[in-house]
Amino acid sequence: MIIKPPLWYRALYVGLFIACLLGGVVAVFAFDRTTAITFGLMAFLLAATMLTIAVMSLTRSLKLRGDRLYLILITGTQQVEVSEIGSMRISPLGNGLSRCGFVRHDGTAVFGKTRRAWPTNDLLKLAETVNISVQWT
């Protein structure tokens, strides 16, 4: 089972990257030298920022393989045995997304702070698949 951010979320950041990149190219060719450098560099800087966010949204996922749950991020992969997970804490955000945190039986957080948004339905399917309780916050 693989959980990824929704398609609209991933397409939003990829589209913003392309728009900023095109804006930079247009600024370089459409304006005089000083204005082109100013607006072009700002647009390319914004495009670089959007590229980072787009790559992060494309690589981020939760994967269940066998008896392990993997959190895959651009900064690396974390894993935990499913038997160590005591519960899942879900905080609804709206638009079908929720923040999710996994808690061990002793009460410690599995993957650290819960900052990422995931589709709520996929999280509930994951909780049902691995047979863990869900706590709504």
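In this text the structure is predicted, and so the values were computed from the model without any measurement.

### Quick notes on the overall build of the protein chain
Now for step 1: Scanning the protein chain from N- to C-terminus turns up 3 helices and 8 strands.
Now for step 2: Helices and strands in the protein chain line up, N terminus first, as β-α-α-β-β-β-β-β-β-α-β.
Now for step 3: Here the C-alpha radius of gyration of the protein chain, 20 Å, is well above what a compact globule of 137 residues would show, namely 14 Å.
Now for step 4: Oriented by its inertia axes, the alpha-carbon framework of the protein chain measures out at about 65 × 25 × 25 Å.
Now for step 5: Residues classed as buried in the protein chain amount to 35% of the 137 residues present.
Now for step 6: Split by element, the accessible area of the protein chain, about 8,200 Å² in all, is 61% carbon and sulfur.
Now for step 7: Positive and negative side-chain charges of the protein chain, numbering 14 and 7 respectively, have mean locations separated by a distance of 7 Å.

### Brief notes about the sheet that holds strand β7 (residues 117–119)
Now for step 1: Overall, mixed pairing links the 4 strands, which are arranged β7-β6-β5-β8 in an open sheet. Taken across any chain shown, the strands that pair with only one partner, and hence form the sheet edges, are β7 and β8 (133–136). The average undirected angle you get between the axes of adjacent strands in this sheet is 45°.
Now for step 2: As defined by bridge partners, strand β6 (residues 97–104) adjoins β7 across 3 bridges and the pair is classed as antiparallel. If you follow Ser98 over to β7, its bridge partner there is Trp118.

### Here we look at the nonpolar core
Now for step 1: In terms of nonpolar packing, the biggest core is built from 21 residues, with Leu62, Leu69, Met88, Phe102, Phe111, Leu123 and Leu126 touching the most fellow members.
Now for step 2: Mapped onto this core, the elements with two or more residues apiece are β2 (61–65), β3 (68–73), β5 (85–94), β6 and α3 (120–130).
Now for step 3: Among the elements that take part in this core, α3 stands out by supplying 4 residues, more than any other.
Now for step 4: Those residues in contact with Phe102 that sit more than four places away from it in its chain are Leu62, Leu69, Ile85, Ser87, Met88, Thr108, Ala109, Val110, Phe111, Leu126 and Ile132.
Now for step 5: Counting 6 residues, the second-largest nonpolar core is a separate cluster that includes Tyr13, Phe17, Cys20 and Met50.

### Points about the pattern of salt bridges
Now for step 1: If you walk through the whole model with that rule in mind, you get 2 salt bridges.
Now for step 2: The partner of Arg68 in a salt bridge is Glu81, with the nearest N and O atoms 2.9 Å apart. Pair noted here: Arg68 is in strand β3 and Glu81 is in strand β4 (residues 76–81), with a separation of 13 residues, a long-range link.
Now for step 3: Residues Glu84 and Arg104 are paired through a salt bridge, measuring 3.2 Å at the closest nitrogen-oxygen approach. Placement of the pair is Glu84 in the loop between β4 and β5 and Arg104 in strand β6, with a sequence separation of 20 residues.

Cut-offs and rules
Residues numbered from 1 in each chain as written. Predicted model: local features only at pLDDT ≥ 70, side-chain atom pairs only at ≥ 80, totals over all residues. Heavy atoms only, no water. Helix = DSSP H or I, 4+ residues; strand = E, 2+ residues; numbered from the N terminus. Rg over C-alpha atoms; globule rule 2.2 N^0.38 Å. Buried < 20%, exposed > 50% of the residue type's maximum accessible area, 1.4 Å probe, protein only. Areas by Shrake-Rupley, 256 points an atom, 1.4 Å probe, with all protein chains shown as cover. Lys, Arg positive; Asp, Glu negative; His and termini not counted. Charge placed at Lys NZ, Arg CZ, Asp CG, Glu CD. Pairing = 2+ DSSP bridges. Axes fitted to C-alpha atoms, helices over the stretch in contact; angles between N-to-C directions. Core = buried A, V, L, I, M, F, W, Y, C linked by side-chain atoms within 4.5 Å. Contact = heavy atoms within 4.5 Å. Salt bridge = Lys/Arg side-chain N within 4 Å of Asp/Glu carboxyl O.

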